[in-house]
Amino acid sequence: MIASRKGRSIVRLFLVLVAFYTFLAWFPLSPLHSSHQNPSKPIPVPNSQLNSKKALHLHASTARYPVRDFVPLPSAPSPLPRIQHAFPKESRSQRKKRQKRQHAVKEAFLHSWNGYKDHAWLRDEISPESGGFRDTFSGWGATLVDSLDALLIMGLDDEFQLALEGLEQIDFTTTFSESVNVFEIIIRYMGGFLAANDLTNGQYLVLLKKAVELGDVIFNAFDTHNRMPQMRWSWTKSAANEEIFPSERTILAELGSLTVEFTRLTQVTNDPKYFDAVQRISDQLERSQNHTKIPGLWPTFVDANDLNFNGLQFTLGGCADSTYEYLPKAHILLGGQTDQYQSMYSTAMESIKKNLLFRAMIPEEDRQVLFTSDAQGGSRGRYAVQHVQDHLKCFLGGMVGIGSKVFGRDEELSIARGLTEGCVWGYDQMPSGIMPEIFRFHACESIDQCPWDEKEWLEQFHGQAIMSDADLSHARKRAEHQHMPPGFTLVQDPAYKLRPEALESVFIMYRITGDRSLQDTAWRMFQSIDKATRTKYGNSEIFDVRHRVSQKKDKMESFWLAETLKYLYLIFSEPDHISLDEYVLSTEAHPFKRPSGFL
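First, a word on what this report is: a plain description of the structure on this page. Here the structure is a predicted model, which means the values were calculated and not measured. (Residues numbered from 1 in each chain as written. Predicted model: local features only at pLDDT ≥ 70, side-chain atom pairs only at ≥ 80, totals over all residues. Heavy atoms only, no water.)

Here we come to the overall build of the protein chain. A count of helices and strands for the protein chain gives 21 helices and 16 strands. Along the first, second and third principal axes, the C-alpha atoms of the protein chain reach 100 × 70 × 50 Å. Residues counted as buried form 57% of the 599 residues belonging to the protein chain. If you take every contact in the protein chain between residues at least 6 apart in sequence, the share linking residues at least 24 apart comes to 74%. Each charge class in the protein chain was averaged separately, 66 positive and 73 negative side chains, and the resulting centres sit 7 Å apart. (Helix = DSSP H or I, 4+ residues; strand = E, 2+ residues; numbered from the N terminus. Buried < 20%, exposed > 50% of the residue type's maximum accessible area, 1.4 Å probe, protein only. Contact = heavy atoms within 4.5 Å. Lys, Arg positive; Asp, Glu negative; His and termini not counted. Charge placed at Lys NZ, Arg CZ, Asp CG, Glu CD.)

What follows concerns the sheet that holds strand β7 (residues 313-314). Taken in spatial order, the three strands line up as β7-β10-β11 in an open sheet, and their pairing is antiparallel. Pairing within the sheet leaves two strands with one partner each, and these edge strands are β7 and β11 (383-386). Sheet analysis places strand β10 (residues 374-377) next to β11, joined by four bridges and oriented antiparallel. The partner of Gln376 across the bridge, within β11, is Ala384. (Pairing = 2+ DSSP bridges.)

As a further point, take the sheet that holds strand β14 (residues 488-493). What the three strands build is an open sheet, ordered β12-β13-β14; its pairing is antiparallel. The open sheet terminates on both sides in strands that have one partner only, identified here as β12 (388-390) and β14. Across the sheet, the mean angle from the axis of one strand to that of its neighbour is 25 degrees, orientation sign disregarded. Sheet topology note: the β12/strand β13 (residues 438-441) ladder contains three bridges and is antiparallel. Residue pairing across strands places Asp390 opposite Ile438, the latter belonging to β13. (Axes fitted to C-alpha atoms, helices over the stretch in contact; angles between N-to-C directions.)

On to the pattern of salt bridges. Two side chains bearing opposite charge may form a pair once their charged atoms approach each other closely. Taken as a whole, this structure holds 35 salt bridges when the rule is applied. Two residues, Lys97 and Asp520, come together in a salt bridge whose shortest N-O distance is 3.6 Å. One end of the pair, Lys97, is in helix α3 (residues 92-119); the other, Asp520, is in helix α20 (residues 517-533), and 423 residues separate them in sequence. For Lys555, the salt bridge goes to Glu125, with nearest N and O atoms at 2.6 Å. Highlighted residues: Lys555 in the loop between α20 and α21 (559-571) and Glu125 in strand β1 (residues 125-126), separated in sequence by 430 residues. The class of Lys555 is buried, set by a relative accessible area of 17%. Among the charged side chains, a salt-bridge network with shared partners connects Glu350, Lys353, Arg409 and Glu412. (Salt bridge = Lys/Arg side-chain N within 4 Å of Asp/Glu carboxyl O.)

Counting 170 residues, the largest nonpolar core has Trp113, Leu167, Tyr189, Ile218 and Trp233 as its most contacted members. In terms of residue count, helix α7 (residues 182-199) provides more of this core than any other element does, 11 residues in total. Not counting residues up to four positions away in its chain, the partners in contact with Leu167 are Leu144, Val145, Leu148, Phe193, Val206, Leu207 and Lys210. (Core = buried A, V, L, I, M, F, W, Y, C linked by side-chain atoms within 4.5 Å.)

Below, the discussion takes up the packing of aromatic side chains. Going through the model one piece at a time under the given rule, you end up with 26 aromatic pairs. Their ring planes at 45 degrees and their centres at 5.4 Å tell us that Trp298 and Tyr324 sit as a pair that is tilted. Here Trp298 is found in the loop between α12 (273-288) and β6 (301-302), whereas its partner Tyr324 is found in helix α13 (residues 321-333), with 26 residues between them in sequence. A relative accessible area of 0% places Trp298 in the buried class. A residue is classified by how much of its surface remains accessible, and Tyr324, at 2% relative accessible area, is buried. Connected via pairs of aromatic rings, a cluster forms that spans Phe371, Trp425, Phe439, Phe441 and Phe488. The cationic tip of Arg478 hangs over the ring face of Phe461; the distance from NZ or CZ to the ring centre is 4.9 Å. (Phe/Tyr/Trp six-rings, centres within 6.5 Å; stacked < 30°, edge-to-face > 60°. Lys NZ or Arg CZ within 6 Å of the ring centre and 35° of its normal.)

Here the focus is the packing of helix α6 (residues 157-167) against helix α8 (residues 205-218). Here α6 crosses α8 at 45 degrees, and the two axes come no closer than 10 Å. By the angle between their directions, the pair α6 and α8 is classed as oblique. By crossing handedness, the relation of α6 to α8 is classed as left-handed. The segment α6 lies against α8, with Phe160, Leu164 and Leu167 engaging Val206, Leu207 and Lys210. (Parallel < 35°, antiparallel > 145°, perpendicular 65-115°, else oblique. Left-handed = near helix turned anticlockwise from the far one by under 90°.)

Side chains Phe439 and Phe441 of β13 all project onto a buried face; the interleaved residues Ile438 and Arg440 project onto a face where none is buried. The pairing of β13 with β14 spans four bridges and is classified as antiparallel. Within β14, the residue paired with Phe439 across the bridge is Val491.

This paragraph deals with the environment of Asp471. One can find Asp471 in helix α18 (residues 469-481). On a C-alpha basis, the gap between Asp471 and Glu364 in space is 24 Å, while along the polypeptide they are 107 residues apart. Leave out the neighbours within four places in its chain, and Asp471 touches Ala465 and Ile466.

Of the pockets and cavities examined, the largest pocket occupies roughly 530 Å³. When residues of the lining of the largest pocket are assigned to their parent elements, the largest contribution, four residues, is made by α7. (1 Å grid on protein atoms, 1.4 Å probe; cavity = no way out; pocket = protein on both sides within 12 Å on 5 of 7 lines; lining within 4 Å. Points joined across faces, edges and corners; volume = space filled by probe spheres on them.)

In a disulfide, the sulfur atoms of two cysteines are held together by a covalent bond. One pass over the structure, following the stated rule, counts two disulfides. Each sulfur in the disulfide pair Cys394 and Cys423 lies 2.1 Å from the other. Handedness here is read from the sign of the S-S torsion; for Cys394 and Cys423, about -105 degrees, the answer is left-handed. In this pair, Cys394 is assigned in the loop between β12 and α15 (396-406) and Cys423 in helix α16 (residues 413-428), connecting sequence segments 29 residues apart. Accessibility assignment for this pair places Cys394 and Cys423 in one class, buried. The partner cysteine of Cys444 in its disulfide is Cys450, sulfur to sulfur 1.8 Å. With the S-S bond torsion at 65 degrees, the cross-link from Cys444 to Cys450 turns out right-handed. Exposure remark for Cys444: the relative accessible area of 9% places this residue in the buried category. A relative accessible area of 6% places Cys450 in the buried class. Taking only the cysteines that form disulfides and numbering them from first to last, the protein chain has the pattern 1-2, 3-4. For the unlinked cysteine Cys319, the closest cysteine sulfur is that of Cys394, found at 16 Å. (Disulfide = S-S within 2.5 Å.)

If you want it as structure tokens, here you go:
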């Protein structure tokens, strides 16, 4: 009997241990909570380039071209269609897998955040291999400010409190920079302040205070003869009350991508000057849209001084991307109160489908892989197309997806999925599991019918006709030697710069469609990225995705924390966490509260 009772006791103990370890597997005790509940106060890293006692400051200047009547902010939002899928309740196993993945993303975020906090606090970005720092955006602590809302979204409240303490040390009235990149400053800094302010319901006055400080300083860049901003702003001229002029070669994306941030600043302050500033730009874009070399699209570079939109280069990628992205987002943030942004979006989409949208020829014929090409305009409406894909274009899947829902363009949801699939395909083809920064592809004549033709692809890659089996064999060996997957014809830039755009579209398409396979896609992409880029103090850009192991660049821009890892975290969050029906995400992934009301 005693032996029997002992045996039963051992069995009970074994079952208790099994239950305990099962519990741990289900709810992993995160080292994040045990080691970061009371984080140590970071020490600011001084910038030897800036002598605060002798520095020139821009406090106030007399406007040469003051605005007499501000364009008013619309104030009566209209109901808009819902964007997000009606997600069913997830199963226990689905929740377990999702939470483990989310935990891994959070750990990656903290790894990079702690590297920045310990070695580059209040500087713009950390050098993630060497532990040094870079001041790339005026030295005002870009990574700190850009990451504010990510800290809140991930529940890192103690880290957020430390970040708040650092904000008072930022002085927007002076910088060592000779010129200020208005676009980058607005999307990273103002976006960070406003999103954190929205997520905390205005609880921390310093957030709105700093947003206004920055807005008032940058507002001086709009003091030109036509109220178009000088996007690479000579701030010392403004400080000396000298006249400034818009650039005759202004990047389209910089000019057209201030709308969401400035609109939100007016919404939360009731100061009309910020909305007025960007609305004047939108009006110029609207007037010029159908009078360019490719009607419906704007050239990559514009003459903002003479308001000339006759440029010959067209793209939806770098230097143009976020101008198009902000068309549906501005419409949503304004509560659908005007037709302007919907009209511009519809006009642009029709031109994109007609002139720039192509399907890549790949061996998987049932996989619709879509990209948009670049174009070089000419006379008499003629233009040449270059089948070029760059990573910055990967935002398009998300943009078209949102546009299809908000504007009732349901037939374009398949285009959104195809554009997203194109970028995922680009990741899947490389040995590293990461898409190159820029590559060329072989396009089909038709989007609907795209049969694989190896010979045709190799002729495009090889640059000459294949006349024999020997030629074919030589072309195959050359493609293999250059790590050129079928469908690629050239890798122009094999780098990966920690960019978020592909994951952005995966996130948006997941939230729109509810397709859980996109979570698996995102997890595969995250694992490849983290494996290839992780360093001692964070994650680094790499030189060549065509190799499983690549040399690192020792560079980590603020968007790695502000966008890339945030999108990944949200993909593995519950769907109502930062719902697309409650927030507009800026081009830097900063969530701004949108007006309520749905159809």
